[in-house]
Amino acid sequence: MNVDRMRKIDYYAGVPLTFFATLLVRGIGLVIRRARVKPKNVLLIELSEMGSAILVDPAMQKLKREADANLFFCIFASNKPSLELLGTVPDENIFTIREKSIATLALDSLRFLFWTRRRKIDTVMDLELFSRYTALLTGLSGARNRVGYYGFHNEGLYRGEMLTHRVAYNPHQHIARNFIALVNASLAENPETPYSKTRIDDDEIVLRTVEVPENEKQQMREKIHAEFPQFDAARQRVVLINPNASELLPQRRWMPDRYVELAQRILDRFPDVLLLLTGAPSERDEADDLRRRIDRDRCVNFAGRLKLKELPTLYSVSRLMVTNDSGPGHFSSITPLRTFVLFGPETPALYGSLGNSTPIYAGLACSPCVSAANHRKTACTDNVCLQAITVDQVFAEVEAELAG
């Protein structure tokens, strides 16, 4: 299903369903009084954002460290590979929901209700900010502790009243800190209104990095060599450009003409650079058009050539990457790769990479224009926030890094 259709279903079906689910959950709560339990079998729900599967890892590590929790995760089937990059959650503990059609969505939702009970899930954390669907999954999961973001006196999306731990989402702090706040709420000794009255230090949102074996790096170099036979890893540096962004928010895309000029300037300035255009298999044709326009021998269309789980290996043999605000900016954060991320309708203050990353952001008066309050759907059809980022500005950052 496309994103707009999913939004409509979430609104027109989600509002009445969360209302009636609230009545059901409250009714059960009046009949069956259940004491709170310490988190042991903890399920985290984050369906649609691949980058969040990386950003939530510090929170999951805290659950393992301080609660010795068994971790479970619920995610859309198409986004599962992003969760597997760090391997924090065992494969058998991951529940996937197929979002291809309403029928598969309904069937998997029903399966989910049995799955949580068979695994004796005692704590559910809803990581989503705007989804009524995940509110329903949380409320009907059967878990004693149901932790999530709650609006309190804020205007915003109606998501029912199904939480036992109502956490105040802080729009002034990075989302990784907000994820830690959910963990702190679940570990609190006493009830709070709102959760979580705790301090979150910088060292709590540090990401782990993956160690890529040398043999895997060599195999990656061989894959690059297969696409560009003149590639010599001993004398050439690999620069990556990821020109695409997910359909969830196409306004995040920098203009193709500027990527063309940026690539040409990099290749002309640094004769030892091999430039790879990366992306998903569905983006290969678009990347090939970009390659033709760049019109340089040392530019290769690498889109669709790797599985997502191979990206950390590619990043480990590369010098730097320029990318739109999208998944690769977060995937690279689990490696030392120097990354430059172009931000527009969202802000790096809330969604910036936790890795070796530099955000490039114009900071217009209208930015950021998407949030939990508007279902991350903007009325903007003219992304001046990205048009304001010039090729000179991005090239200056890249040139300083490569020259240094």
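The structure under discussion appears in the preceding block.
Residues numbered from 1 in each chain as written. Predicted model: local features only at pLDDT ≥ 70, side-chain atom pairs only at ≥ 80, totals over all residues. Heavy atoms only, no water.

Counted according to the given criterion, the structure contains 29 salt bridges. Across the pair D288 and R291 runs a salt bridge whose closest N-O atoms are separated by 3.1 Å. Residue D288 and its partner R291 are located together in helix α11 (residues 284-294), separated by three residues, close to a single helical turn. On the accessibility criterion, R291 (28% relative accessible area) is partly exposed. If you follow the salt bridges from partner to partner, you end up with D288, D289, R291 and R292 in one network. (Salt bridge = Lys/Arg side-chain N within 4 Å of Asp/Glu carboxyl O. Helix = DSSP H or I, 4+ residues; strand = E, 2+ residues; numbered from the N terminus. Buried < 20%, exposed > 50% of the residue type's maximum accessible area, 1.4 Å probe, protein only.)

Turning next to the nonpolar core. Formed by 36 residues in total, the largest nonpolar core has its most connected members in L44, F73 and M125. Counting only elements with at least two residues in this core, the list comes to β1 (41-45), α3 (52-55), α4 (57-67), β2 (70-76), β5 (145-150), α8 (175-187) and α14 (348-351). It is α8 that provides the largest number of residues to this core, a total of eight residues. In contact with F73, not counting residues within four places along its chain, are L43, L44, E46, V56, M60, L83, V89, N93, I94, F95, W115 and L127. Core analysis: the second largest hydrophobic core is formed by 31 residues, M255, A303, V322 and F395 among them. (Core = buried A, V, L, I, M, F, W, Y, C linked by side-chain atoms within 4.5 Å. Contact = heavy atoms within 4.5 Å.)

This brings us to the sheet that holds strand β4 (residues 123-126). Here we have six strands laid out as an open sheet, ordered β3-β2-β1-β4-β5-β6, and parallel in their pairing. Each having just a single partner strand, β3 (94-97) and β6 (165-168) make up the two edges of the open sheet. Taken over all neighbouring pairs, the strand axes of this sheet differ in orientation by 20° on average, direction set aside. Strands in contact with α8 are β4, β5 and β6; relative to β5, the strand with the most contacts, it is inclined by about 140°. (Pairing = 2+ DSSP bridges. Axes fitted to C-alpha atoms, helices over the stretch in contact; angles between N-to-C directions.)

What follows covers unusual backbone geometry. A cis geometry characterises the amide bond from T193 onward to P194, with omega recorded as -10°. By the element assignment, P194 lies in the loop between α8 and α9 (214-227). A cis amide bond links Y195 to the next residue, S196, at an omega of 5°. Here S196 is to be found in the loop between α8 and α9. Backbone geometry at D68 places phi at a positive 50°, although glycine is not the residue there. Turning to its location among the elements, D68 is positioned in the loop between α4 and β2. Since its relative accessible area comes to 53%, D68 is described here as exposed. Phi at F152 takes a positive value of approximately 50°, unusual for a residue other than glycine. Of note, F152 is situated in the loop between β5 and β6. Overall, F152 belongs to the partly exposed group, its relative accessible area being 32%.

Close contact between α4 and α8 brings their axes to 8 Å; oriented N to C, the two are set at 25°. Relative to α8, the element α4 lies roughly parallel. Handedness of the crossing formed by α4 with α8: right-handed. Residues P58, A59, K62, L63, E66 and A67 of α4 pack against F179, I180, V183, N184, S186 and L187 of α8. Its residues assigned to classes, the contact of α4 with α8 comprises eight nonpolar, two polar and two charged. (Parallel < 35°, antiparallel > 145°, perpendicular 65-115°, else oblique. Left-handed = near helix turned anticlockwise from the far one by under 90°. Nonpolar A, V, L, I, M, F, W, Y, C, P; charged D, E, K, R; others polar.)

Here the focus is α4. Among the 11 residues that make up α4, eight are buried, leaving the element largely enclosed by the rest of the structure. Listed in full, the buried residues belonging to α4 are D57, P58, A59, M60, Q61, K62, L63 and A67. On its buried face, α4 sits against β1, α3, β2, α5 (80-84), β4 and α8. Immediately beyond the C-terminal end of α4, within one or two residues, lies D68, with a positive phi of roughly 50°.

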